[in-house]
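# What the coordinates show
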Amino acid sequence: VSNAKAVIFADSLQEAISDIQSSLGPSVTYYSLGSSESQSLQAKNINQEIARSPSYEPASVAVRCSERLLLVYTSGTTGLPKAAVVSHTRSALLSLMMWITSHCHCTTQPVGILGAGQGVLGGTTLAIRAKFSASQFWSDCVKYRATIAQYIGEICRYLLAQPVRPEESQHTVRLMFGNGVKPQIWKQFQERFGVKLIGEFYGATEGNCAIVNFENRVGAVGFGTRIAPFLYPITLVKVDPETNEVLRDKNGVCIKAEPGEPGELVGKIVKGNPVREFDGYVDDKSTSKKVISDVFTKGDMAFSTGDILIMDELGYMYFRDRTGDTFRWRGENVSTNEVEAVISNSIQLQDAVVYGVEVPGNEGRAGMAAIVDDSSSVDVTQLGASLARSLPAYARPLFLRFVKEADTTGTFKLKKNKLRDEGFDISVVQDPIFYLNPSSKQYEPLTAQVYKDIVSGRIRL
């Protein structure tokens, strides 16, 4: 997709690279980050290549600000990940926004686990761990004298779940910056770990709707001015909760959501404006799906985030949910279409609908599948084994509900809203429900006692 001319890989990924080498074409050059050259891949050792290279500064190359700097792959909210285009201008603006925010209330040069852009833009020391460890997080912060750390909402919950250890009060982290921390644990997190400022933000690499909350406004993902909205033209527009289509007035223009009303966040696209431009994706079809017209006025265009937010009277915005067929679990975006396809293939193409349900004490939404099984013929054990083979752990449904028939729209699309609202509450649902037992890793019947244990937290999914 990227038309890459070279691939740089770590030694640990040699086998993975070998598996796909035949599909990349003969013109790709391979560079290994390991201590020796890889003969099987005919890869060059990049450290040796650098040592053999001239030590003087290379000649300057003139580039236009609008040219592509790099591609960042999305997490795949509506299917496979898409290659989002990042221009030189957008990269600088994103890094600058992060840099300014990371300096909030910081009096000394920051050391942060905050993103490579900070090291490039301002020389910030960057500490990166190969894999997140909740038990070692504060120890690492102490070891590297970190003053700033980045999070996703799940990380904050994982840290709170850890037993108390001395390092959590010995660190020098003053700011934690990221997105997804739940309002319910915001203050608890700050009080336990002594982090003075939570810098919650909202944004997508390819989008033009980045907003930031750097005032410790609990639960807010950012701020949008209501006094002078023309300064930063983003808004919330009403959508049909059943179809997720934007609602329009008699003139065909989108209807803005009032304070307290949920709406999809959109940002006006202005060609040639580095802040308001939408660079899109490598795939033009994917780009067109994220652009809607006649939003603020007739004839204009806007970037569609696909996210539902709520704005309060002051302009602070709060994340509500995603539109479309996705939900987040364990810090990952789960595409319901992909999970539905795997289930359908495992049960001889019978209907299945996947959605996310809330589980008390957990971030995001857990996967649940309603499977049409009018003859009670589905082998739950076999289905579980198939899901384990075909899906990553975070994408496997934690609950299976077996229904006699599917509720569909006039265009034969499976309805999810009612199923989502009912969740896995067995006092409401009369259909058989199975849950993925975290101990046995098998689907087992959901009983009244098990339901109580899950809700109370005695069973942790």
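Below is a summary of the structure that appears in this document. (Residues numbered from 1 in each chain as written. Predicted model: local features only at pLDDT ≥ 70, side-chain atom pairs only at ≥ 80, totals over all residues. Heavy atoms only, no water.)

### A short note on the pattern of salt bridges
Applying the stated criterion across every chain, the model contains 12 salt bridges. A salt bridge links E168 to R192, with the shortest nitrogen-to-oxygen separation between them at 3.0 Å. Of this pair, E168 sits in the loop between α6 (153-160) and β9 (175-179) while R192 sits in helix α7 (residues 183-193), placing them 24 residues apart in sequence. Using a relative accessible area of 6% as the deciding quantity, one classes E168 as buried. In this structure, R365 and E358 form a salt bridge, with 3.5 Å as the shortest nitrogen-oxygen distance. According to the relative accessible area criterion, E358 is exposed, its value standing at 55%. (Salt bridge = Lys/Arg side-chain N within 4 Å of Asp/Glu carboxyl O. Helix = DSSP H or I, 4+ residues; strand = E, 2+ residues; numbered from the N terminus. Buried < 20%, exposed > 50% of the residue type's maximum accessible area, 1.4 Å probe, protein only.)

### Details of the packing of aromatic side chains
A complete count under the given rule lists 10 aromatic pairs for this structure. Through successive ring pairs, a cluster of aromatic residues spans F132, F137, W138, Y158, F189 and F193. (Phe/Tyr/Trp six-rings, centres within 6.5 Å; stacked < 30°, edge-to-face > 60°.)

### Details of the side chain of E200
Looking at the element boundaries, E200 is found in strand β10 (residues 197-202). The exposure class assigned to E200 is buried, which follows from its relative accessible area of 2%. Non-local contacts of E200, meaning those with residues more than four positions away in its chain, are made with Y151, G178, N179, G180, V181, W186, V212, N213, A220 and V221. (Contact = heavy atoms within 4.5 Å.)

### Description of the packing of helix α9 (residues 336-346) against helix α10 (residues 380-390)
In contact at an axis separation of 10 Å, α9 and α10 are set at 135° when each is read in the N-to-C sense. As summarised for this structure, α9 and α10 are arranged oblique, according to the angle between their axes. The hand of the α9/α10 crossing is right-handed. Every residue of α10 that contacts α9 at V342, I343 and S346 is listed here: L383, S386, L387 and S390. (Axes fitted to C-alpha atoms, helices over the stretch in contact; angles between N-to-C directions. Parallel < 35°, antiparallel > 145°, perpendicular 65-115°, else oblique. Left-handed = near helix turned anticlockwise from the far one by under 90°.)

### Digging into the nonpolar core
With 42 residues, the main nonpolar core has I343, I371, F399, L400, F424 and I454 as its most contacted residues. Secondary-structure elements contributing two or more residues to this core are β18 (326-329), α9, β20 (352-357), β21 (366-372), α10, β22 (399-403), β23 (433-436) and α12 (448-456). Setting aside chain neighbours within four positions, we find I454 in contact with V359, F399, F424, Y435, L446, I459 and L461. In this structure, F137, A149, C156 and W186 belong to the second largest nonpolar core, which totals 20 residues. (Core = buried A, V, L, I, M, F, W, Y, C linked by side-chain atoms within 4.5 Å.)

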